[in-house]
Structure formats: C-alpha cells, structure tokens
Amino acid sequence: KQEVTQIPAALSVPEGENLVLNCSFTDSAIYNLQWFRQDPGKGLTSLLLIQSSQREQTSGRLNASLDKSSGRSTLYIAASQPGDSATYLCATGDNNNDMRFGAGTRLTVKP
Amino acid sequence: DVKVTQSSRYLVKRTGEKVFLECVQDMDHENMFWYRQDPGLGLRLIYFSYDVKMKEKGDIPEGYSVSREKKERFSLILESASTNQTSMYLCASSFFSNNEQFFGPGTRLTVL
C-alpha cells in the first residue's frame, strides 16, 4: 500500500525567502502526483499536477518536480509571501484513480 | 474554472439521525469522491464513483452509503450518525483520463 510522507510537518520562514517542501512515496508505480494547498477550515485547492512521464510543472512562483525512481517530489516556492501561509499536501495517484495523501506541511511566512 | 460545491459548510446533528451530504460539480467529471479529514489521520477515502449509479468502497466505508443518480451529483449518507463520525467531509471530482482532483469547500459535521 502506498505511503506518502511529507517532511517537515511545519515550517516557518521570513517573507521573501525561497523554500522547498518535500514529499516522498514508497511505491514508484504512480500515475501522477498532485500538490494542493489547504487554508484552515477550507477545502483543498489544486496547485500542480505532474503526470508520471513528466519531470516538473510550473505555475507562477511555484515549481514542482518529480523523481519517480527515487520516490520523491518537491514543491519550490519562490519569493514567499505571507499569503502563501497554508498547509501544503501532496498526493500520489495510481491508474485506478486511487489517490494517497501525505499529512501535509504547515507553512508560515512571517512579514 | 472547475466548481465543486457542497450543500453545507457546517452541520450539527444528533446521534442516530440520518444525515445527507450533497456534492455537485459542474465540469462533467466522471469520477467523484468522498473523503473525511481528521487531525493526525489525514484524508481518508470513504467511497468513490466513476459513473452514474456506480460506486466503489474506499478505505473506511463502514457506517456510510452513497448515491449517484446524476453525473453531476454525489451524495454521502450517514444512515445513523454516531459521534465518531464528527469530522470534516470533503468531496472531489476528476476526469477519468487524468484524475486531477478538484475539491469542494468541505462540510464540518458535528454529531452530538
């Protein structure tokens, strides 16, 4: 059974810093990997989807990479802002549409 | 933009009541999902559906049932609510082809 781990569980950085969030998974036979943002008490917002054949995806200040063979993905946030404060979750999907979620990294960006 | 809506943001029910949570998506997605999210346990899949009238059990289906009579609507039913079903319930939908999941705003259910 796929296990998804996100380290660290919490991260606090000053505004303007570039930062990397990590996601690792035990079964490399994934169909895709998705990064989400969740604000307190709210649903998940899709940030980036990386298909298994892709190495990275970019959207604005966000860049997600995928290394299937090593079971790792990273989410890079450039020039962080206080509005980026949220919990970030990664999830792997298989070809049966089954998605497995990490526990998330709670990010705080201090002004 | 994909829009997934859930019938209630907050709901308070009594033990033993029958509870309906509704989810509607407007993107013609084949797949729809119900998750619950609890501190320390993350998101867990309750049920999913890949077509009208089709349903598949997820990891924790006990105490729940679902209904999908129309493609855009997926209902989660708690036949007899219990206190251990107090949780945040999240609905999601996706195309079958790539399974990029889009979530609704969530329903925080409290069972007293």
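Keep in mind that this is a model prediction, so the values were computed, not measured. (Residues numbered from 1 in each chain as written. Chains lettered and ligands numbered in written order. Predicted model: local features only at pLDDT ≥ 70, side-chain atom pairs only at ≥ 80, totals over all residues. Heavy atoms only, no water.)

Moving on: the nonpolar core. Residues L21, L33, W35, L75, I77, Y88 and L107 of chain A are the most contacted members of the largest nonpolar core, which totals 21 residues. Residue assignment for this core shows that the elements contributing at least two residues are β3 (19-25), β4 (32-38), β5 (44-51), β7 (62-67), β8 (72-77), β9 (86-93) and β11 (105-110) of chain A. Ranked by the residues each element gives to this core, the list is headed by β3 of chain A, at 4 residues. If you look at the next biggest cluster of nonpolar residues, it comprises 20 residues, including L21, W34, L78 and Y89 of chain B. (Core = buried A, V, L, I, M, F, W, Y, C linked by side-chain atoms within 4.5 Å. Buried < 20%, exposed > 50% of the residue type's maximum accessible area, 1.4 Å probe, protein only. Helix = DSSP H or I, 4+ residues; strand = E, 2+ residues; numbered from the N terminus.)

What follows is about the state of the cysteines. Residue and element names in this part refer to chain A. Taken as a whole, this structure holds 2 disulfides over all chains when the rule is applied. At a sulfur-sulfur separation of 2.0 Å, the disulfide partner of C23 is C90. Measuring the twist about the S-S bond at about 80°, one finds the C23-C90 disulfide to be right-handed. Highlighted residues: C23 in strand β3 and C90 in strand β9, separated in sequence by 67 residues. (Disulfide = S-S within 2.5 Å.)

Here the structure, examined in full by the defined rule, presents 8 aromatic pairs over all chains. Ring geometry for F101 of chain A against Y35 of chain B: centres 5.4 Å apart, planes inclined by 85°, an arrangement best described as edge-to-face. Separated into two different chains, F101 of chain A in strand β10 (residues 99-101) and Y35 of chain B in strand β4 (residues 31-38) make up a pair that spans both. Residue Y35 of chain B is classed as buried on the basis of its relative accessible area, which comes to 1%. Members of the aromatic cluster, each reached through a chain of ring pairs, are F36 and F101 of chain A together with F33, Y35, F48 and F103 of chain B. (Phe/Tyr/Trp six-rings, centres within 6.5 Å; stacked < 30°, edge-to-face > 60°.)

The next point concerns the layout of surface pockets. Reported here for the largest pocket is a volume of approximately 610 Å³. In terms of lining residues, the largest pocket is bounded by 29 residues, among which Q37, D38, L41, G42 and L43 of chain B are the most central. For the lining of the largest pocket, the secondary structure elements donating two or more residues are β9 and β10 of chain A together with β4, β5 (42-49) and β9 (87-94) of chain B. In terms of residue count, the dominant contributor to the lining of the largest pocket is β5 of chain B (4 residues). When its residues are assigned to classes, the lining of the largest pocket shows 11 nonpolar, 9 polar and 9 charged. Each pocket or cavity is described by its volume, and for the second largest pocket that value is around 180 Å³. (1 Å grid on protein atoms, 1.4 Å probe; cavity = no way out; pocket = protein on both sides within 12 Å on 5 of 7 lines; lining within 4 Å. Points joined across faces, edges and corners; volume = space filled by probe spheres on them. Nonpolar A, V, L, I, M, F, W, Y, C, P; charged D, E, K, R; others polar.)

Moving on, we get to the side chain of T105 of chain A. All names here are of chain A. Take T105: it is sitting in strand β11. Given the relative accessible area of 0%, T105 is considered buried. Each residue touching T105, except ones within four places of it in the same chain, is listed here: Q6, I7, P8, A9, A10, L11, L21, A86, T87 and Y88. (Contact = heavy atoms within 4.5 Å.)

Moving on to the interface of chain A and chain B. Taken residue by residue, the interface counts 19 residues in chain A and 22 residues in chain B. Counting each side, the surface lost to burial between chain A and chain B is near 1,600 Å², with a carbon and sulfur contribution of 48%. Inspection of the region where chain A meets chain B yields 1 salt bridge. Ionic pairing is found between D59 of chain B and R100 of chain A, a salt bridge with its closest N-O pair at 2.7 Å. Here chain A is connected to chain B by 8 residue pairs in polar contact (both at pLDDT 80 or more). When contributions to the side of chain A that touches chain B are tallied by element, the ones reaching two or more residues are β4, β5 and β10 of chain A. When grouped by side-chain class, the residues that make up the side of chain A that touches chain B number 7 nonpolar, 9 polar and 3 charged. (Buried area = accessible area lost by both parts, 1.4 Å probe. Salt bridge = Lys/Arg side-chain N within 4 Å of Asp/Glu carboxyl O. Polar contact = N/O pair within 3.5 Å; in protein donor to acceptor, adjacent residues only side chain to side chain.)

So, about the sheet that holds β7 of chain A. Residue and element names in this part refer to chain A. With respect to topology, 5 strands assemble into an open sheet ordered β1-β3-β8-β7-β6, the strand pairing being antiparallel. What marks the edges here is a single partner per strand, and that holds for β1 (4-7) and β6 (56-59). Between one strand axis and the next, the sheet turns through 15° on average, direction left out of account. Sheet topology note: the β1/β3 ladder contains 4 bridges and is antiparallel. For I7, the partnering residue across the bridge sits in β3 and is N22. (Pairing = 2+ DSSP bridges. Axes fitted to C-alpha atoms, helices over the stretch in contact; angles between N-to-C directions.)

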